[in-house]
Each structure stands twice: as C-alpha cells, then as structure tokens.
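# Inside the fold
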Amino acid sequence: MAKNEASGRPFEILGVEGAKISSGFVHDEYLQRLVGERGRRVFREMRDNDSVVSAVLFAIEMLLRAVEWTVAPSTEEDEGAIEGAEFMESVMGDMSHTWDDFIGNVLTMLTFGWQYTEVVYKRRLGPHQKDPSMRSEYTDGMIGIRKLGDRSQETLNRWEIDQEDGSIEGLWQDPPNGGSGVRYIPIERALLFRPHQHKGSPEGRSVLRGAYRSWYLLKNIEEIEAIAIERELNGLPVVYIPNATLNGSSAEAVAALNKYKQLVRDIKLNAQGGVVLPSDPWYDSDGKPSAQRQVELQLLNANGTRAIDTDIVVKRYQANIARTVLADFIMLGQGDRGSFALSRSKVDLFAKALEGWLGSIAEVINRHLIPRLWGLNAFDPATAPTLVPGRVAPEDLRELGDYVEALSRAGVPLVDEDTEARLRSAGGLPGPPVAEELESTIPRDEDLDDEDLDDEPELEKITLEKPFRLPAGSSKKFGVYVRNDKGDVVKVTFGDPDMEIRRDDPEARRSFRARHNCDDPGPKWKARYWSCRQWRADAKVED
C-alpha cells in the first residue's frame with residue numbers, strides 16, 4: 001500500500017500488534033520449553049511444586065477473594081439506574097457458584113498468563129424449575145447468568161484469530177475426557193482475562209515468566225542438595241572386588257561386574273535395605289584363608305564442611321522469585337536484616353499491584369459482560385451499572401487521622417455528610433443516627449399509601465416507616481425513615497418525580513412488579529421495597 005493510500009483510510013487497521021500466531025497457535029516465546037502445552041505444564045509445576053510460588057499465589061488469591069465488590073449505578077439521580085444496579089446485584093447472587101469462586105478461577109491468569117470464562121445465561125423463571133437454564137431465585141422472566149464457567153488452560157487446542165486484523169474470535173477446546181471432540185467457544189460468549197496485554201497475544205504473559213530462570217536453577221540446586229545430603233548421611237558406597245572380576249572379559253566376569261555396579265548405584269539405607277555379598281576370603285601363600293574377604297563394601301564419609309553454603313544460594317533464588325511479583329516482603333524476618341518501615345512500604349507496593357489486577361478484571365466485566373447482559377434484556381444502556389472492587393489493604397486509621405487533623409488545622413471544612421460517611425466507613429463505624437431518640441411507630445398498611453401524604457416531618461417528629469412527599473425539585477418523589485440492618489435510622493428516597501404510577505393498569509402493574517421482582521422486594525431500608533409497595537393492587541397513591 002502506498003503512503004498516500006494509507007493516510008487516506010483513517011478507519012482501517014494498518015499495522016499489527018506483533019504476536020507470532022500461526023494456525024491458532026502462539027509462538028511468541030523464545031524459550032521453546034515455555035511454548036504451548038509444554039509451557040503450561042512448566043508453569044503448573046512452578047505453581048504446584050515450588051513453596052515460594054505457591055505461597056505468593058495463595059496470598060494473592062486469598063487477598064483478592066476477600067475484596068468486597070460493589071455495584072455502582074450509572075447515576076444516583078435516576079431511578080432506572082438504581083434499579084439497574086439492584087438487578088446486577090441480584091444476578092451476581094443468583095449464579096450456581098459464588099462470586100468469590102469466579103474470582104478465584106480468574107486469578108489462574110496469573111499462573112498461565114490468561115484465563116477464559118464462558119458466560120452461560122438463563123431465563124429467571126423461579127426456583128422450582130427442573131431445567132437449570134430456567135432455574136432462579138427470581139420469577140421476573142429476565143435473562144440472568146447461570147454460571148461463569150472456567151475453561152481450563154490445559155484444555156486449549158488452539159485459538160481462532162482473525163487473519164486481517166489479528167483480533168481474537170474464539171477458543172477451540174479439547175475436553176480432557178474426550179467427550180464429543182473439539183469444542184468452539186466464541187469470544188462473544190466468553191470473557192478473556194490477562195494480567196498483561198502482551199503484543200495482543202490471547203495468551204498474555206504469565207506473572208511467573210520473570211521467575212522462571214530463578215525457579216529452574218533453584219529446582220536443580222535443591223535436587224543436588226538432596227542427593228548430597230543423602231550421600232553425606234549414608235556415605236558414598238564403594239565395593240572392593242578382585243581384579244580378575246574388574247578386568248575380566250569372560251561373560252561371567254562381565255555379568256558379575258555389572259551386578260556390583262548396580263549394587264553401589266542403587267543401594268539405599270532404609271527400613272528394608274540390605275546387601276548380600278560373597279564371603280570368600282583371600283588365601284595366603286600357604287593356602288590358608290586370611291581375614292580379608294575378596295569382596296568388601298564400604299561407605300565413605302566426607303570430613304569437614306563444604307566450601308559452598310547452599311542455604312544462602314537457595315534463599316537468594318527464593319527472594320528473586322518473590323520479587324518478580326513484588327512479594328519479597330514474605331522473605332523478611334528470615335535473616336538479621338529488615339525493618340518495620342521497609343516491610344510497610346513493600347506491602348503497600350504489593351497491595352497497589354493487586355488493586356491494579358482487580359481493576360483489569362473489573363474493566364473486562366464492565367466493558368463486555370454487563371453490556372451484553374443489558375442487550376439481551378433490552379435494557380436502556382444508560383442504566384448499566386459498573387462493578388467496583390474495594391481496597392485490598394485496610395485503611396491506616398492513624399495516618400488517616402493525622403491527615404484529617406492536618407486538614408482541620410488548615411481550615412478545610414470537614415462537616416459534610418459525604419466526608420463523615422467516608423470516615424465512618426474507613427473505621428468500620430455505623431452510620432450517624434438521625435436523632436438522639438426516635439420512637440418507632442409501625443403504621444397500618446393503609447397509612448403507607450394515603451392519598452394525601454404529608455410533607456417531610458421535622459427531625460424531632462419523625463415516625464418510622466411512614467412515607468412522605470419530598471419537596472418539589474427533589475431527585476425523588478417520596479421519602480421514608482427506617483432502621484437499617486445495623487439498627488441506625490436512615491432516610492430512604494424512592495420514586496421518579498417524572499414517572500406516572502399506573503398501578504391501576506393491570507398490565508403496567510404486572511410488568512413493573514415482575515421487572516423489579518416485587519414478590520421478594522428485599523429489606524425495608526432499600527428503595528425497591530417501598531417502590532413495590534406503591535405498585536400494589538387496590539391501593540391509592542398521590543401521583
């Protein structure tokens with residue numbers, strides 16, 4: 001293509017990312033032992049057999065599985081967005097496995113460089129359906145997620161790659177037990193997670209790749225060390241045999257020599273160890289037997305100490321392995337060096353790296369999984385929420401307190417509700433009470449939907465669980481004070497001020513209640529509970 005032709009086609013892909021992929025097989029690794037299925041076996045051996053690698057990956061998995069995920073609505077001002085977030089929360093809790101198990105499966109990308117998840121959908125038709133593709137805790141008829149199935153890296157046959165632009169179209173899988181042959185999972189039905197986007201390769205780059213050389217040398221050193229210890233403790237076996245047997249050319253002499261060689265090679269000192277040797281002695285010149293046997297076995301032991309301390313070498317390679325994922329803090333305390341301040345800085349850096357991986361996982365879910373789910377349900381894309389992972393490291397309350405104190409001294413106001421809520425959340429404290437003492441008066445059902453709802457009461461005159469109309473211009477139509485799961489009194493707002501409540505229309509009422517799963521409206525401190533109450537049959541409401 002000529003230069004002028006290329007510059008005149010701004011919407012075409014002109015270059016490639018650089019990964020070497022041929023017939024669906026990735027050949028981008030220059031070490032052949034780390035390519036393809038052979039490489040996956042090596043990385044699995046590193047994960048399963050090396051104590052440091054296992055410890056680091058275990059720490060990462062446990063830390064990331066413990067992170068709390070929240071569903072953030074696209075906007076707090078739109079009731080549809082809030083309902084969308086509530087729907088996504090219901091989807092996450094309605095799968096055949098837990099969200100933590102899904103995160104655990106995704107984290108295998110750290111070992112192999114990639115992880116492929118098949119998204120299996122279902123129609124939510126109730127808990128008593130025999131068909132798992134329709135079984136759900138909900139009866140709203142919406143499309144939910146049955147499971148986010150892990151497709152093991154070891155079952156990879158090949159990738160399906162677009163030959164024009166190199167984009168990933170899907171994965172061909174070999175079932176481990178044969179099954180019905182090779183299976184194809186298109187990318188539109190899957191999620192591909194990678195810790196590193198390496199040259200556009202579908203196989204990414206394993207976080208263990210940088211540790212391979214240290215692991216390989218450490219593995220060999222430990223094997224040599226184990227052999228040396230065995231020889232040191234048991235001794236080096238030496239067998240003394242007649243020269244005629246050692247240098248003999250007859251078949252009998254050669255067979256005997258091979259037997260003695262096998263003896264010194266395979267001898268082991270264990271519970272069942274033993275040796276059978278000829279007892280023939282040497283004879284003197286007079287033909288009398290001497291005390292010296294013709295065949296004798298001895299175990300030679302080395303004296304003194306070795307010049308090389310393998311313990312130092314082993315620890316160096318172990319530290320190098322941990323350092324490749326910024327987890328070398330696990331080696332602190334094994335020597336006479338290291339400080340608390342150093343460990344703090346290392347742990348903080350490690351936590352930041354973990355939060356980066358969490359962010360990449362959330363990005364795949366928000367960019368691919370949620371939009372597809374919204375499309376299947378014909379939801380408004382503007383109401384699609386985002387999944388937000390929490391912090392990996394706990395908040396340092398002392399540092400936070402010093403920071404708040406410094407802001408206060410500088411005259412920065414810190415009395416707004418958002419700041420107070422953030423500080424209370426950081427310290428694990430309950431929300432602020434609405435008033436010192438509030439009498440809970442449970443209203444009758446007919447009081448909840450009285451046609452003439454009062455305006456918001458004054459703070460000292462609050463009656464719990466009695467809805468009231470919010471002032472004109474508010475983002476919501478109604479409000480109600482209730483106690484949450486922690487016993488605190490909170491204000492719940494609900495209802496779109498621009499939406500007409502047509503609950504006298506049977507079809508509109510049925511649609512609303514099914515869409516919001518009003519058969520199970522949730523707790524009273526959630527807006528959905530009160531919205532569902534307003535859409536009951538044979539009840540009044542002020543429009």
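The structure under discussion appears in the preceding block.
Residues numbered from 1 in each chain as written. Predicted model: local features only at pLDDT ≥ 70, side-chain atom pairs only at ≥ 80, totals over all residues. Heavy atoms only, no water.

## Describing the packing of helix α2 (residues 36–49) against helix α3 (residues 51–65)
Rules: Axes here refer to lines fitted to C-alpha atoms; in helices the fit is confined to the stretch in contact. Angles between the N-to-C directions go from 0 to 180 degrees. Only DSSP runs of H or I covering at least 4 residues are called helices, and only runs of E covering at least 2 are called strands; the numbering of each starts at the N terminus. Put simply, angles under 35 degrees are roughly parallel, angles over 145 are roughly antiparallel, angles from 65 to 115 are roughly perpendicular, and the rest are oblique. In what follows, residue pairs with any heavy atoms lying within 4.5 Å of each other are defined as contacts. For this classification, Asp, Glu, Lys and Arg are treated as charged, while Ala, Val, Leu, Ile, Met, Phe, Trp, Tyr, Cys and Pro are nonpolar and the rest, including Gly, are polar.
Viewed as axis vectors pointing N to C, α2 and α3 meet at an angle of 85°, and their least axial separation amounts to 5 Å. As summarised for this structure, α2 and α3 are arranged roughly perpendicular, according to the angle between their axes. Residues M46, R47, D48 and N49 of α2 pack against S51, V53, S54 and L57 of α3. Tallied by class, residues from the contact of α2 with α3 come to 3 nonpolar, 3 polar and 2 charged.

## So, the sheet that holds strand β7 (residues 168–173)
Hydrogen bonding along the main chain pairs the strands of a sheet, whether they run parallel or antiparallel. Note the following rule: Two strands make a pair as long as DSSP finds a minimum of two bridges between them.
The antiparallel open sheet is built from 3 strands, whose spatial order is β6-β7-β8. The sheet is open, and its two edges are formed by β6 (156–161) and β8 (183–186), each paired on a single side. Neighbour-to-neighbour, the strand axes of this sheet turn through a mean angle of 25°, independent of strand direction.

## Thoughts on the packing of α3 against helix α5 (residues 99–106)
Applicable threshold: Two helices cross in a left-handed way if the nearer one is turned anticlockwise from the farther one by less than a right angle. They cross in a right-handed way if the turn is clockwise.
With their axes 9 Å apart at the nearest point, α3 and α5 run at an angle of 145° to one another. Our pair here, α3 against α5, has a crossing hand that is right-handed. In this structure, α3 contributes E61, L64 and R65 to the contact, and α5 contributes D100, D101, I103 and G104. Looking at the contact of α3 with α5 residue by residue, the classes come out as 2 nonpolar, 1 polar and 4 charged.

## Quick notes on the pattern of salt bridges
If charged atoms from side chains of opposite charge come close, those side chains can pair. Rules: Salt bridges are defined as contacts in which a side-chain nitrogen from Lys or Arg sits within 4 Å of a carboxyl oxygen from Asp or Glu. Relative accessibility thresholds used throughout: buried, under 20% of the residue-type maximum; exposed, over 50%; partly exposed, between the two (1.4 Å probe, protein chains only).
Using the criterion set out here, one finds 16 salt bridges in the structure. Between E61 and R65 there is a salt bridge whose closest N-O contact spans 3.4 Å. Of this pair, E61 and R65 both sit in helix α3, 4 residues apart, which is roughly one turn of the helix. Owing to a relative accessible area of 26%, E61 belongs among the partly exposed residues under this scheme. Through salt bridges with shared partners, one network takes in R44, R47, D48 and E154.

## A short note on the nonpolar core
So the rule is basically this: For our purposes a nonpolar core is just a set of buried Ala, Val, Leu, Ile, Met, Phe, Trp, Tyr and Cys residues, chained together by side-chain atoms within 4.5 Å.
Of all hydrophobic cores here, the largest spans 64 residues; its most connected members are W69, W99, F193, I361, I365 and L387. Once residues lying within four places of it in the same chain are set aside, the contact partners of I361 are W69, I103, V106, L107, M109 and F193. Counting 12 residues, the second-largest nonpolar core is a separate cluster that includes W114, L156, I168 and A190.

## Here we look at the environment of R316
Inspection of the secondary structure puts R316 in helix α10 (residues 310–323). Taking the C-alpha atoms as reference points, R316 and L218, 98 residues apart in sequence, are found 9.2 Å from one another.

## Thoughts on the state of the cysteines
Cut-off, in case you're wondering: The criterion for a disulfide is a pair of cysteine sulfur atoms lying within 2.5 Å.
All chains considered together, the criterion is met by 1 disulfide. Between the sulfur atoms of C518 and its disulfide mate C532 the distance is 2.1 Å. Taking the sign of the torsion about the S-S bond as the criterion, the disulfide between C518 and C532, at about -75°, is left-handed. Separated by 14 residues along the polypeptide, C518 in the loop between α15 (506–515) and α16 (527–534) and C532 in helix α16 bring together distant segments of the chain.

## What about the sheet that holds strand β16 (residues 478–483)?
In spatial order, the strands read β15-β16-β17; together these 3 strands make up an open sheet with antiparallel pairing. Each of the sheet's edge strands pairs with one partner strand only, and the pair in question is β15 (468–469) and β17 (489–494). Bridge analysis of β16 against β17 gives 6 bridges, and the strand direction is antiparallel. Its bridge partner being in β17, F478 is matched across the sheet by F494. Sheet strands touched by α16: β16 and β17. Its angle to β17, the strand with the most contacts, is close to 50°.

## Some points on the side chain of D94
Spelled out, the test is: Any pair of N or O atoms that falls within 3.5 Å is considered a polar contact. Within protein, one atom must be able to donate a hydrogen and the other to accept it, and sequence-neighbouring residues count only if both atoms are side-chain atoms.
When you line up the elements, D94 lands in the loop between α4 (79–92) and α5. In this structure D94 comes out as buried when scored by relative accessible area, which is 5%. At 2.5 Å, the side chain of D94 and the side chain of S136 are in polar contact. A polar contact of 3.1 Å, which involves the side chain of D94, links it to the backbone nitrogen of E137. Apart from residues no more than four positions distant in its own chain, D94 is found in contact with K122, R124, S136, E137, Y138 and I145.

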